[in-house]
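Okay, here's what each chain looks like letter by letter:
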Amino acid sequence: QVQLVESGGGLVQAGGSLRLSCTASGNIFSIDAMGWYRQAPGKQRELVARITSGGSTNYADSVKGRFTISRDNAKDTVYLQMNSLKPEDTAVYYCNADGIYISGIRLRDRWGQGTQVTVPS
């Protein structure tokens, strides 16, 4: 059983910063990729940023230059540093882990419960 626990959401004024954290637990050997997705009201869930175990990253165009994803493989933790936040960044942010190795088994796509980020206009 794998659990992803997120923290760090909240309300911040435009131009401010927040840092999200997500830790995976459950006797994990390794995780191929971890990432952050978000879903705004009335919209589909979208990729924000993703990072592999080797450190390769990709970002949504809308957050490039403002958000930075990083991870600590030893702690099975991924971070999202969000700077210069805009009202359009308001959404529920979900942590994702894909390619989770536990006892020789590779699990796909596990999700956290989501954390709200609100940037008032």
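Position labels on residues start from 1 in each chain and follow its written sequence. Given that the model is predicted, a residue must reach a pLDDT of at least 70 before its local features are reported, and side-chain atom pairs must reach 80 or more before they are shown or counted; all residues, however, enter totals for whole chains, interfaces and linings. Excluding hydrogens and water, the side-chain values take into account all heavy atoms of the structure.

Undergrad: Could you give an account of the sheet that holds strand β7 (residues 67–72), naming the residues involved and the relevant values?
TA: In space, the four strands of this open sheet follow the order β1-β3-β8-β7, with antiparallel pairing throughout. The strands lining the two open edges of the sheet, one partner per strand, are β1 (3–7) and β7. Sheet twist, expressed as the mean angle between neighbouring strand axes with direction ignored, is 15°. Two strands qualify as a pair provided that DSSP identifies no fewer than 2 bridges between them. To qualify as a helix, a DSSP run of H or I must reach at least 4 residues; to qualify as a strand, a run of E must reach at least 2; elements of each kind are numbered from the N terminus. Two elements, β1 and strand β3 (residues 18–25), share five bridges in a ladder whose sense is antiparallel. The partner of V5 across the bridge, within β3, is T23. Between N-to-C directions, angles cover 0 to 180 degrees, with each direction set by a line fitted to C-alpha atoms, over the stretch in contact for helices.

Undergrad: Quick rundown of unusual backbone geometry? Include the residues and the values.
TA: Positive phi, close to 55°, is recorded for N27, a residue that is not glycine. One can find N27 in the loop between β3 and β4 (30–39). Only protein chains enter the calculation, and the probe is 1.4 Å; a residue is then buried if its accessible area is under 20% of its type maximum, exposed if over 50%, and partly exposed in between. Residue N27 is classed as exposed on the basis of its relative accessible area of 64%.

Undergrad: If you had to explain the pairing of β7 to someone new, which residues and values would you point to?
TA: Of the two faces of β7, only the one carrying F67, I69 and R71 is buried; T68, S70 and D72 on the other face are not. Both β7 and strand β8 (residues 77–82) contribute to a ladder of six bridges, which runs antiparallel. Across the sheet, residue I69 finds its bridge partner in β8, namely L80. Between β7 and β8, which pair antiparallel and follow one another directly, the connecting turn spans four residues, one of which, D76, has a positive phi of 50°.

Undergrad: So what's going on with the pattern of salt bridges? Which residues, and what values?
TA: Throughout this description, the term salt bridge denotes a Lys or Arg side-chain nitrogen within 4 Å of a carboxyl oxygen of Asp or Glu. One pass over the structure, following the stated rule, counts six salt bridges. Note that R108 is salt-bridged to D98, the shortest N-O span being 2.6 Å. Taken together, the positions of R108 in the loop between β10 (105–107) and β11 (110–111) and D98 in strand β9 (residues 91–102) put the pair 10 residues apart, joining distant regions of the chain. Using a relative accessible area of 10% as the deciding quantity, one classes D98 as buried. Overlapping salt bridges bring together R38, E46, R66 and D89 as one network.

Undergrad: I'd like to hear about the pairing of β3, residue by residue, with values.
TA: Here β3 pairs with β8 via six bridges, running antiparallel. Opposite S21, over in β8, you have Y79 as the bridge partner.

Undergrad: Break down the side chain of R38 for me, citing the residues and quoting the values.
TA: Its location among the elements puts R38 in strand β4. For R38, a relative accessible area of 6% puts it in the buried group. There is a polar contact of 2.8 Å between the side chain of R38 and the side chain of E46. The definition of a polar contact used here is a pair of N or O atoms within 3.5 Å, where within protein one atom must be able to donate a hydrogen and the other to accept one, and adjacent residues in sequence count solely through side-chain atom pairs. A distance of 2.9 Å separates a polar atom in the side chain of R38 from a polar atom in the side chain of Y93.

Undergrad: Pulling in residues and values, what's your account of the environment of R110?
TA: The residue R110 is located in strand β11 in this model. R110 sits in the partly exposed class, given a relative accessible area of 31%. Between the C-alpha atoms of R110 and M34, which are 76 residues apart in sequence, the distance is 9.6 Å. Among the polar contacts listed, one links the side chain of R110 to the backbone oxygen of R108, at a separation of 2.6 Å.

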